[in-house]
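Examination of the molecular architecture
Chain by chain, the residues run as shown.
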Amino acid sequence: MRSGKKRARSEPGSTKQPRSKYSDNPPDFASLASLYPSFKPFVFFSGSRARIDWTDYNATRELTRVLLLHDHGVNWWIPDGQLCPTVPNRSNYIHWINDLLSSGIIQSLGGDGSKVKGFDIGTGANCIYPLLGASLFGWSFVGSDFTVVALEWAEKNVQSNPHFSDLIEIRDSKVPPQCSSVPEVENTESEKTIQEEAEISATVKSDYHDNKSFIEPAVLLGVVKENETFDFCMSNPPFFETFEEAGLNPKTSCGGTPEEMVCNGGEQAFVSRIIEDSAVLRQRFRWYTSMLGKKANLKLLISKLWEVGVTIVKTTEFVQGQTSRWGLAWSFMPIARKIIAPPVVKKSVLSFMLECIKRQYSAVDVLQSVEEFFKSCGALCKLNSSTFSVDIVASNDQCKTISKNDIADVDSVRSHGYEKQSLDGSSLQVPKYNLSFRILVFQQMPGTLLIKGSLQQKDSPLSGLFSGVFGSLEESLKSKFCR
Ligand SMILES: C[S@@+](CC[C@H](N)C(=O)[O-])C[C@H]1O[C@@H](n2cnc3c(N)ncnc32)[C@H](O)[C@@H]1O
């Protein structure tokens, strides 16, 4: 690696990417404001805490600018309205890729392994992944896009950083495939050449934008050149099928144009196209990866991956603040290292998505319903509306009632007595051997919430009841709130 920075060693797949400097240290707005006068007007204090108005696009853009400059030495800007990336969230994905590359699970492409080369599908005007990858790890990149503004501003962002600009190439994915040097290599599994596959891939008709007929640009086939190999590809795909669906979270303003946010079939179709291209390019990339906005899309995409003959699939969840995203990675390389399955453990964190929520309901209604659900069975509950969470303590009997008796008999723990315990600091007599857990409600996108449950005492004798209890909550919330 050119930067000489050490590669991370740990296993990929952890819930929150540990080496992202923002994982446990959110940006300090007060200190940034004192260092950068241009950021100062966007910072205000509520109590002793420095905040910014997340609904102000200019504030979020200036935050991204100063974070990239302060933490990464990167000069950066985007024009009004273009998608503004949050640096912590994008860093998590870059660190996960670093984990995958360092894990040694699959064979390397040869060479000394010191020069890592990535391909960012849809780099955007912000060009965030190549900028982070080059500055953090010295990786080189091809960043593709097809809009004039993205190509122009991505190039500007690269040229504004002469200290690593030679590492990043911006490539137009809409240049007709015959103009890029695609090899006429026979694919033995089908009769088509890569050239033919590329033409098919590039001529999918779409009318998502202004209802005009539109040639959707190629994703990988036809953009990747002859003899090019890469260590990985990555993508933050357009998540949505319509701009209305993108509808934009009223709590934040990150901008985003239809070209950036929307594609025919949404993220599932976009990632399916990456999968189809990868099935032709196979070992030209060590790892193929994509980010996903909807956990529910993972299942179908993973089954497609096994169908096309991948050797390995990896997933992870990126959690930053109130936002969750998912990472999906696959490879066609032979497995180099035996993966030792971890011992089977009872899950202490469970989640499900509430999708297609009826219009009249908000996240607050769901949160209150979580509290009512457990209270109605006699469990102790404490709702915290600022963290969108409910803390719950339920006894063995209450867990049984909640799970409609569809659980193992744990009567043996009943006789263990009682101790003082409290949810809010006041003293309450509650059973010592109880199930203590937290339910969190995350806004994903309009009409979609992620509900997450985490056990507070993983070694509790009742921890085996958690999945039954959580399953009942899922059933109840889905029947009440979803169309
Ligand atoms: C959600 S934005 C992501 C931008 C940036 N990577 C980020 O994370 O902020 C998706 C990007 O993909 C681009 N895009 C859509 N289809 C593409 C294709 N077939 N090839 C290259 N880029 C594409 C869009 O123009 C847009 O810039």
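If you're wondering where the values come from, they're calculated on a predicted model, not measured in any experiment.

Basis of the calculations
Residues numbered from 1 in each chain as written. Predicted model: local features only at pLDDT ≥ 70, side-chain atom pairs only at ≥ 80, totals over all residues. Heavy atoms only, no water. UniProt positions renumbered as here; feature names shortened; annotations may be inferred. Contact = heavy atoms within 4.5 Å. Helix = DSSP H or I, 4+ residues; strand = E, 2+ residues; numbered from the N terminus. Salt bridge = Lys/Arg side-chain N within 4 Å of Asp/Glu carboxyl O. Buried < 20%, exposed > 50% of the residue type's maximum accessible area, 1.4 Å probe, protein only. Near = heavy atom within 4 Å. Polar contact = N/O pair within 3.5 Å; in protein donor to acceptor, adjacent residues only side chain to side chain. Areas by Shrake-Rupley, 256 points an atom, 1.4 Å probe, with all protein chains shown as cover. Nonpolar A, V, L, I, M, F, W, Y, C, P; charged D, E, K, R; others polar. Pairing = 2+ DSSP bridges. Axes fitted to C-alpha atoms, helices over the stretch in contact; angles between N-to-C directions. Core = buried A, V, L, I, M, F, W, Y, C linked by side-chain atoms within 4.5 Å.

1. Some thoughts on the UniProt feature "binding site: S-adenosyl-L-methionine" (unreviewed entry) in the chain
As recorded in UniProt, the feature "binding site: S-adenosyl-L-methionine" (unreviewed entry) lies at R90, G122, D145 and N236. The residues contacting R90, other than those within four sequence positions of it, are L83, P85, I128, Y129, L132 and N236. Looking at where G122 falls in the secondary structure, it is placed in the loop between β3 (117-121) and α4 (128-137). Ignoring anything within four residues of it in the chain, the contact list for G122 reads S144 and D145.

2. With respect to the pattern of salt bridges
Under the criterion given, the structure shown has 11 salt bridges. When the shortest N-O distance is used, the salt bridge between E62 and R65 registers 3.0 Å. Here E62 pairs with R65, and both are found in helix α2 (residues 57-72), just 3 residues apart, close to one helical turn. Two residues, R171 and E228, come together in a salt bridge whose shortest N-O distance is 2.7 Å. Placement of the pair is R171 in strand β5 (residues 168-172) and E228 in the loop between β7 (214-215) and β8 (230-235), with a sequence separation of 57 residues. An identical accessibility class is assigned to R171 and E228; each is buried. Each member of the salt-bridge network shares a partner with another, and the members are K117, E169, R171 and E228.

3. Things to note about the site of the ligand
Near the ligand, the surroundings consist of 21 residues, among which R90, G122, N126, D145 and N236 are the closest. R90 places a side-chain nitrogen or oxygen 2.8 Å from an oxygen atom of the ligand. In this structure, a nitrogen atom belonging to the ligand sits 3.0 Å away from a side-chain N or O atom of S173. Burial of the ligand by the protein amounts to 97% of the accessible area it has alone, namely 590 Å². Every element with two or more residues in the shell around the ligand is listed here: α4, β4 (140-145) and α8 (258-261). Of the residues assigned to the shell around the ligand, the class counts are 9 nonpolar, 8 polar and 4 charged.

4. Some details on the sheet that holds strand β9 (residues 285-292)
If you trace the 7 strands from one edge of the open sheet to the other, you get β5-β4-β3-β8-β9-β11-β10, paired in mixed fashion. At either margin of the open sheet sits one strand with a lone partner, and together these are β5 and β10 (312-320). With strand direction ignored, the average angle separating the axes of adjacent strands in the sheet is 20°. Bridge count between β9 and strand β11 (residues 323-331): 5 bridges; the pairing is antiparallel. Paired with Y288 across the strands is W330, a residue of β11. Against the sheet, helix α3 (residues 87-103) contacts β4, β8, β9, β10 and β11, and its axis sits at roughly 150° relative to β10. Across the face of the sheet, α4 comes into contact with β3, β4, β5, β8 and β9 while running at roughly 175° to β4.

5. Considerations on the environment of C84
Mapping C84 onto the fold places it in the loop between α2 and α3. C84 gets classed as buried once you look at its relative accessible area, which sits at 2%. For the pair C84 and Y57, spaced 27 residues apart in sequence, the C-alpha separation works out to 8.1 Å. Leave out the neighbours within four places in its chain, and C84 touches Y57, T60, R61, T64, W76, I78 and C254.

6. With respect to the nonpolar core
Grouped together as the largest cluster of nonpolar side chains are 62 residues, with contacts concentrated most on F39, I94, W139, I168, F232 and W287. Residue contacts for W287: discarding those within four places in its chain leaves L100, L101, I105, I106, D231, F232, C233, I312, K314, A329, W330 and S331.

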